[in-house]
Amino acid sequence: RADDDEHAVRVGDRPAAHIGPVPIDQVGNWYHAADVVVLASRCPEASSRTVLEAMSCGRAVVAPNFGGPAEIITEGSTGRLFERGSATSLATAIKRAYQERQSLGARARLACARRYRPEVVGPQYLKLYQSLVYPQPINTQPVDRSSSNA
């Protein structure tokens, strides 16, 4: 419990806190106030919005080494990954992320800005949707209908 100093979980010289649900208009403020953002999920997540939001705010992120977070985070460069179900691995990852929070956060923000900006992601989604709807590539060139073989 964070309000019971004797039993408080600490990282460095500061108590750890579980925030819980936050109103959407305050999310950015909480990310910027955090030293490290921890996603301790046990269930696979395809693409973790929490991880991407924290990275875009320049925060050090700790997340499980499976699912979407493992594809988004580069271990030791843009965040720290821990082994799902291992409290020891989670604790180690949090301590390391706290010690490296400034460099991890800076690299995370840069990586997020490079990989997930609309000019990069938009064409990738379009290509995916086209491959699902049309099994063959779509010809995006204008069709010349002036010459007819009729």
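Colleague: I would appreciate a short explanation of the sheet that holds strand 3 (residues 36-38) in the present structure.
Modeller: Two modes of strand pairing occur in sheets, parallel and antiparallel, and in both the strands are linked by backbone hydrogen bonds. Reading across from one edge, 3-4-5 is the order of the 3 strands in this open sheet, with parallel pairing throughout. Among the strands making up the open sheet, the edge pair consists of strand 3 and strand 5 (80-82). Geometrically, the sheet is characterised by an average inter-axis angle of 20 degrees between neighbouring strands, direction not taken into account. The sheet contacts of helix 4 (residues 87-99) involve strand 3, strand 4 (60-64) and strand 5, and relative to strand 5 the element is tilted by about 170 degrees.

Colleague: Help me understand the packing of aromatic side chains, please; the structure alone is not making it clear to me.
Modeller: The description of an aromatic ring pair uses the distance of the two centres, along with the angle that the planes make with each other. All told, the structure shown has 1 aromatic pair when counted by the stated rule. Their ring planes at 35 degrees and their centres at 5.9 Å tell us that Tyr125 and Tyr129 sit as a pair that is tilted. Of this pair, Tyr125 and Tyr129 both sit in helix 6 (residues 118-133), 4 residues apart, which is roughly one turn of that helix. The ring of Phe66 has Arg84 lying over it, and the distance from NZ or CZ to the ring centre is 4.1 Å. In this structure, Arg101 is placed above the aromatic ring of Tyr98, and the distance from its NZ or CZ to the ring centre is 4.1 Å.

So, how was this worked out
Residues numbered from 1 in each chain as written. Predicted model: local features only at pLDDT ≥ 70, side-chain atom pairs only at ≥ 80, totals over all residues. Heavy atoms only, no water. Pairing = 2+ DSSP bridges. Helix = DSSP H or I, 4+ residues; strand = E, 2+ residues; numbered from the N terminus. Axes fitted to C-alpha atoms, helices over the stretch in contact; angles between N-to-C directions. Contact = heavy atoms within 4.5 Å. Phe/Tyr/Trp six-rings, centres within 6.5 Å; stacked < 30°, edge-to-face > 60°. Lys NZ or Arg CZ within 6 Å of the ring centre and 35° of its normal.

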